[in-house]
Amino acid sequence: MEILQYSVRKLIAGIPLVLGVTFISFLLMVYFGPDKTYELLGKNPTPEQIEEVRRELGYDQPFLTRYALYVQEIATLNFGSSESSGELVSSLLARTIPVSIALITPGFVLGNLLGVLFALIAAYHRGSWADKFIMGASAVGMSISFLIAIIAFQIIFSSNFGLGLFPVRGWNVHSFGDYLSYVTVPTLATVFVALGYNTRFYRAVIVEEMTRDHVRTAKAFGTPPARLFYKNILKNSMIPIITRVVFSIPFVVISGSLLIESYFGIPGVGKVTFDAITSGDQPVLKAVVGLTAALFVLAQLLTDILYRAVDPRVSLT
Amino acid sequence: MSNGVADLTANGSELDSSVFGDSLWGKAFLKFRRDRAGMWSLAVVTAYALIALGVWTGVWGTSWADVSGAKWAPISAEHWLGTNIIGQDIFERAVFSTKTAFEVGLVVAVLATVLGAVLGAMAGFFSGSWIDEIIIWLMGVLDSIPFYLLVAAIAFSLEGNPYAMHIAMISTFWIGTSRLVRGEVIKLKSLDFVEAARATGVNQLTIIFRHILPNTFHILLVQATITFVAAIKSEVILSFLGIGVQDGISWGLMIAESTFEVLAGFFNNFLAASVLMFGLVMAFNMFSDALQDALDPRTVSG
Amino acid sequence: MSDGSEILLSIRDLRVEFATEQGVVRAVDGVSFDVHAGETVGLVGESGCGKTVTGLSILRLVPCPPGRIAAGQIEFRGQDLLQLDTRQMRDIRGSRISMIFQEPMTALNPVFTIGNQMVDVLRDHEKMTRRQARTAAIEMLDKVGIPDPAVRIDEYPHQLSGGMRQRVMIAMALSCGPELLIADEPTTALDVTTQAQVLDQIVSLQEEFQMAVILITHDLGVVAEVCSRAIVMYCGSVVENGSIEPLFEQPRHPYTAGLLNSIPRIRDDRLGKLPVIEGMVPDLLQLPAGCRFADRCGRAGAICIESRPQLNDGAGGQTAVACFNPIDVQQ
Ligand SMILES: Nc1ncnc2c1ncn2[C@@H]1O[C@H](COP(=O)(O)OP(=O)(O)OP(=O)(O)O)[C@@H](O)[C@H]1O
Ligand SMILES: [Mg+2]
C-alpha cells in the first residue's frame, strides 16, 4: 500500500520531466525539424497549394498550439503510421525494440558482471601488481573509441583477413544459432568498451565501501571474508550500482546501440529513430519520445523502490 | 577524514584572496611534478598540441586535400602512410586531423565547462529556490534524452551548420560539471568567508562569481580535461554517423572512410587515425587522472 | 605496576609504518608494554601519538595499504599474534579479544538490524543455533542497559541514539566473553551524561566478565577513575608506564607532568589560564635522532638531543619512564 501510494505520487512528480523531454524534442525535431511541405507537393506548386499543405501539416498554427497538439497525440498514444514506410508505428516498434534488446543485453550484462569481478580483484589487492594491471588495462580500454573497437573486432573475427568466423554484417536470425553468430561480435565490442568504464566505476564504489568504519568493525569481530563481502561491502554498494544499471535500461530500450545498429546494418530501434530524425518522420518520433520520457519516469520510480529494498534508511515519502 | 574538513576551511578563506598563491595549488603542482605518468602524459599531450599548432599556423598538413598519388598507394618515402581510395596522402590527413581534434576538444571543453560552472554555481548558491529547481529539471531532461539522438536532432534542426556538433556536445556535456559544482558550492556557501561577505552586504552575483566560483577551479580544470576527451571520442562517432565534422578532415571521417576499405584489406587509413587518436585520448586520460590526484586534498597514496 | 597476576598480553618493540605521499611514517615506533589478566590499563597521549594504531595492531587491523606492522611481537597468552594465519586470527577477533571504536554512528553496518549483526558474531564463534544466538543477544542487550531489548534487537542502527549504538557495540564485543577488550575512546563522541553511563557500564561489566581492558582515551580524569595503571604515549612511543597513584601524584616524565598540569581543576582560581606544553609535536616524517620530547622539554640536556632514551624497569614502586633526566621522586 505504501509502495502503491508512493508510486502514484512519484508518477505525478514525473510530469515535469515528461513535459521537458517532449518540449525539447518538439522544439528540435518538429518546430525546427525538417520542413516537409515540399515533399508533399507536386512540381511547380502554386502558392495556394503550398498554403493548403502547410495548413494540413499544422505549420500555420501558433507555437504553443502545435506543442499542445503534439503532447496530446503522445498522451493519447495516437501515433498512426510511419510517414516513410507506411508501417504502423506500433508494429514498427514491436519489430525493432526486441531486436535492440536482444542485441544489447548480452554485452550489457557481461560488461557489468565482468566489471564487478575485475573491480573486486583490483579493490581487494589495492596497490598490488594485479590492481595496477587491471586499472592500466581499463585505462587503455577507455581510450579506445567504440567505433575503432567495432571495426577492429569485425576485422579480426568476421572478415576474410581475420578468422572469418562470424557474419560481417546484418541480422538474419531464425534460430538460436543464428542469434549467437550475429550477436557475438557486437557483444565483444560492447563488452570491450564498457569494461574499462565499468571496472573503474565499480572499483571506486567498492574501495569506498571497503574503507568504511563498519567494515573495520566486522573485521574486528572475525567476520569471514565471504560474509564481509556480501553483507558489508556489496549490500552497501547497491545504491550506486542500482542507479547505474537501472538508468541504463531506458537507453538500452530506446537508442539500443545506434552505432552498432548502423555499423552492422541491424534493424533495431536506434537505427529506426535515427532515420526518423533525419527524415522528419513525426509519428515515429512522437512514439519514441513518449516512450523515452515514460521509461525515465519509471526508472526513477524503480530505483527509489529498489533503494528502499536495499537500504532501511531510505524512506518512501 | 577529519583533516579534509579542516583543510577545506583553510583553503576557502585563503583562496578567497588569491587563487594561485594558495597552498592547494602549490602542493598540487609539486605533487603533479612527482607523478611520473602524469608528466609523461603531459609531454605527449604537448607534442600533439604542437602538431595541431603547426597545422593551424600553416607550417604543415597543408596538402591534406590534394590528390597526390594513386589509389591505395603503399607506404613509401613520398607517402609515409600511403594514400587513401582517391589518392590523398594519409599522413597529411592524419596530421591535419590533429588540429580538428584540438579544435573540437577545446571549443567544447571550454564552453561546456563555463556553462556548467555558471549554472552549477547558480543552482548551488540558490539551492532550494526556483532557480535551483529549474536547473535541476533541465539537467534531468537533457540527461533523459539519448545522447546521439539529441545530437542528431540538434544537427538537423540547425541544418548543416558546421557547429551543430559542437553545440550538441556542449548542451549535454555541461551537466556533469554542473552537478559537481552545485554540490561544491552548497558546501562552500556555508563557510565563514562567504557568510562574512554576505553579512557585509556584498552583491550576490559578486559573491558567486568572485568569491565562490574561484574555489571550484580545481573541479573545473579536471572536468575540462574529461570533457575534452569526451568531445574527441564523440566526434569520431558523430562523423561516422554523418552528423559530425562538416568541412575539413578528422580522425572520425578517416575512420568512416576506412570502414569499407578494411573489408577490402586496406588498413592504412584505419590504423593511422586509430593509433593517433588512441595516443591522444590515452595521454589526455592519464593527464586528467594525474591532475585529479594532485588536486584532491583527500587522496592518500596507495 | 602488576599485582603479580598472569600476563595476558605482551607487546614488544612494535613498529607500525604508513606509506604516505611524503614518505614512510612511523606511527608506532618501538612500543612495549604488558597487560595482565583482569586489569584495566589506560592508554593516553595527545591526538596522533599512535594510540589507535597500537590498538588496531593487536587485532592486526591496521589498514593495509597504506599501513603495515613492520616489526615486533604481540604475544597473547604466550602466542605471537603476528605469526598466526588469517583463519586463526579470525577465531580470536571478537571472541577472545574484542575492540570497540570511537564512532558509534558509523561503526555498525547500516543495512542490517543490530540483531542480525549480533547473531552473526555469536554464531561465528560459538556453536549456537540462530534461535539460541538471538536469545543470547537479547540477554546481552539487556545487560548493557538497552530498554526493551526484545524489540530493539530488530531495529536498524539508524533508529538508535549514539549512546544506544555504543551500548550495542559493547554488547556485541562482550557477547563471546573475551579475555581482553580494547576500547578506543568509547565515549568521546557521546554527550557528557551518556559518557558517564557508558563508562560505568564498561567498568561493571569488566568486573562481571573478569576481562582485561585497554582503555584508549584523552581524558586523564577517566583514567584516574577507572584504571589501575596508565601508559603514556608520545609521538609513537611509550614515555611512561606505571600504576595510577605514583603516576598521577609523582609523574617522572616531563611530558606526563605537563599533561597532568593541563587538566583543568575546578578549584583552581587561575582557571582559564591552563598551563599548556610549549612547542609542537615533531613531524613524524622528520623525527629527531634523540628524545622526541627534547625540544619541548625544560629538562633536556645534550644527551637528550643525541640519543633516544629507553623505557626503564621502574623498580621500587616507581613508574617506568623513558627519560635521561626524569623528575626525581624525592624532590
Ligand atoms: N590510514 C592512515 N594513513 C596514514 N597515516 C596514518 C593512518 N592512520 C594513522 N596514521 C598515522 O599514524 C599516526 C597515529 O595515529 P593514531 O590514529 O594512532 O593516533 P591517535 O593517538 O589514536 O590519535 P587520536 O587521539 O586523534 O585518535 C597519525 O599521526 C598518522 O600520521
Ligand atoms: Mg585514535
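Residues numbered from 1 in each chain as written. Chains lettered and ligands numbered in written order. Predicted model: local features only at pLDDT ≥ 70, side-chain atom pairs only at ≥ 80, totals over all residues. Heavy atoms only, no water.

With that out of the way, let us pick up the overall build of chain A. If you tally the helices and strands in chain A, you get 13 helices and zero strands. The order of helices and strands in chain A, counted from the N terminus, is α-α-α-α-α-α-α-α-α-α-α-α-α. In terms of overall dimensions, chain A has a C-alpha envelope of 85 × 60 × 35 Å along the principal axes. Looking at chain A residue by residue over its 317 residues, the buried ones come to 50%. Contacts in chain A between residues at least 24 apart in sequence constitute 72% of all its contacts with a sequence separation of at least 6. Carbon and sulfur atoms make up 67% of the accessible area of chain A, which amounts to about 14600 Å² in all. Of the side-chain charges in chain A, 24 are positive and 21 negative, and the distance between the mean point of each set is 16 Å. (Helix = DSSP H or I, 4+ residues; strand = E, 2+ residues; numbered from the N terminus. Buried < 20%, exposed > 50% of the residue type's maximum accessible area, 1.4 Å probe, protein only. Contact = heavy atoms within 4.5 Å. Areas by Shrake-Rupley, 256 points an atom, 1.4 Å probe, with all protein chains shown as cover. Lys, Arg positive; Asp, Glu negative; His and termini not counted. Charge placed at Lys NZ, Arg CZ, Asp CG, Glu CD.)

All names here are of chain C. Spatial ordering of the open sheet is given by 2-1-4-5, a layout of four strands whose pairing is antiparallel. If you trace the sheet from one side to the other, it starts and ends with strand 2 (23-36) and strand 5 (79-80), each paired once. In the sheet, strand 4 (residues 67-76) pairs with strand 5 via two bridges, with the strands oriented antiparallel. Bridging across to strand 5, Glu75 finds its partner in Asp80. With respect to the sheet, helix 1 (residues 51-58) is in contact with strand 1 (7-20), strand 2 and strand 4, its orientation differing from that of strand 1 by roughly 115 degrees. (Pairing = 2+ DSSP bridges. Axes fitted to C-alpha atoms, helices over the stretch in contact; angles between N-to-C directions.)

As a further point, take the packing of helix 2 (residues 15-31) of chain A against helix 13 (residues 282-310) of chain A. Residues and elements named next belong to chain A. At their nearest, the axes of helix 2 and helix 13 sit 9 Å apart, and the two run at 155 degrees to each other. Comparing their axes, helix 13 and helix 2 come out roughly antiparallel. For the pair helix 2 and helix 13, the crossing hand works out as right-handed. Contacts between helix 2 and helix 13 involve Leu17, Val18, Val21, Thr22, Ser25, Met29 and Val30 on the former and, on the latter, Gln282, Leu285, Val289, Ala293, Phe296 and Val297. Looking at side-chain class alone, the contact of helix 2 with helix 13 contains 10 nonpolar, three polar and no charged residues. (Parallel < 35°, antiparallel > 145°, perpendicular 65-115°, else oblique. Left-handed = near helix turned anticlockwise from the far one by under 90°. Nonpolar A, V, L, I, M, F, W, Y, C, P; charged D, E, K, R; others polar.)

Chain B puts 37 residues into the contact, and the matching count from chain A is 39 residues. Together, the buried faces of chain B and chain A total about 3500 Å²; carbon and sulfur atoms form 81% of this surface. Taken together, the links from chain B to chain A amount to one salt bridge. The closest approach of N and O atoms between B:Asp289 and A:Arg200, which form a salt bridge, is 2.7 Å. At the boundary of chain B and chain A, one finds five residue pairs in polar contact (both at pLDDT 80 or more). The set of elements that each furnish at least two residues to the side of chain B that touches chain A consists of helix 5 (130-144), helix 6 (147-157), helix 10 (217-241), helix 11 (251-261) and helix 12 (268-295) of chain B. A breakdown of the residues in the side of chain B that touches chain A according to their chemical character gives 27 nonpolar, seven polar and three charged. (Buried area = accessible area lost by both parts, 1.4 Å probe. Salt bridge = Lys/Arg side-chain N within 4 Å of Asp/Glu carboxyl O. Polar contact = N/O pair within 3.5 Å; in protein donor to acceptor, adjacent residues only side chain to side chain.)

Here the focus is the site of ligand 1. All names here are of chain C. Taken together, 14 residues surround ligand 1, and among them Ser47, Gly48, Lys51, Thr52 and Val53 come closest. The contact in question runs from an oxygen atom of ligand 1 to an N or O atom on the backbone of Cys49, over 3.2 Å. Val53 is positioned with one of its backbone polar atoms (N or O) 2.9 Å from an oxygen atom of ligand 1. Relative to its unbound accessible surface of 630 Å², ligand 1 loses 74% to contact with the protein. At three residues, helix 1 tops the list of elements feeding residues into the shell around ligand 1. (Near = heavy atom within 4 Å.)

A few words on the pattern of salt bridges. Tallied over the full model, the rule gives 33 salt bridges over all chains. The salt bridge involving A:Lys286 is made with A:Glu73; its shortest N-O contact spans 2.3 Å. Of this pair, A:Lys286 sits in helix 13 while A:Glu73 sits in helix 4 (residues 63-75), placing them 213 residues apart in sequence. You can call A:Lys286 buried: its relative accessible area is 11%. What makes A:Glu73 partly exposed here is its relative accessible area of 21%. For C:Arg12, the salt bridge identified is with C:Asp34, shortest N-O distance 2.9 Å. You can see C:Arg12 sitting in strand 1 and its partner C:Asp34 sitting in strand 2, a full 22 residues away along the chain.

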